[in-house]
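# Breakdown of the fold
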Amino acid sequence: MSAVKPLVFKKGGKQRLGKGFSLGELKGVNLSLKQALKLEIPVDSRRKTVHEENVEALKKFLAAKEAAKSKTKRKAVKGKGKSKSGGVKKSKP
């Protein structure tokens, strides 16, 4: 899964990639600082602005992360690791 990058706006209205998402943008998608760092989302605590483009990017990233998480869940296999004799190995005389 590729890392998500925030957009910041320069004075001329041009966009560039930022260092990380602001705390307000994380709050917009109900993430705490610890949760964001655990999900490897870059955070820039110095930024104070909240851009809707970044909030939407975070929502898409989290939706993709959830979809990938649900795909990788494995079903429990009945009787995994046990032999027919109940787990006790019998030796031949």
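This one's a predicted model, so the numbers in the text were calculated from it and none came from an experiment. Each chain has its residues counted from 1, following the order in which its sequence is written. A pLDDT threshold of at least 70 governs which residues receive local features in this predicted model, and a stricter bar of 80 or more applies before side-chain atom pairs are shown or counted, although totals over entire chains, interfaces and linings include all residues. By convention in this description, side-chain values take in all heavy atoms of the structure and omit both hydrogens and water.

## So, the pattern of salt bridges
Note the following rule: By salt bridge we mean one thing: a side-chain nitrogen of Lys or Arg within 4 Å of a carboxyl oxygen of Asp or Glu. Under the scheme used here, helices are H or I runs from DSSP no shorter than 4 residues and strands are E runs no shorter than 2 residues, and both carry numbers assigned from the N terminus. Residue burial is assigned from relative accessible area. The probe radius is 1.4 Å, only protein chains are included, and a residue is buried under 20% of its type maximum, exposed over 50%, and partly exposed in between.
By the definition in use, this model includes 2 salt bridges. Salt-bridge contacts for E25 lead to R47; the nearest nitrogen and oxygen are separated by 2.9 Å. Remark: R47 occurs in the loop between α2 (33–38) and α3 (52–72) and E25 occurs in helix α1 (residues 23–28); sequence separation between them is 22 residues. Residue classification places E25 among the buried positions, given a relative accessible area of 0%. For R47, a relative accessible area of 12% gives the class buried. Close ionic contact of D44 with R46 constitutes a salt bridge, the shortest N to O distance being 3.3 Å.

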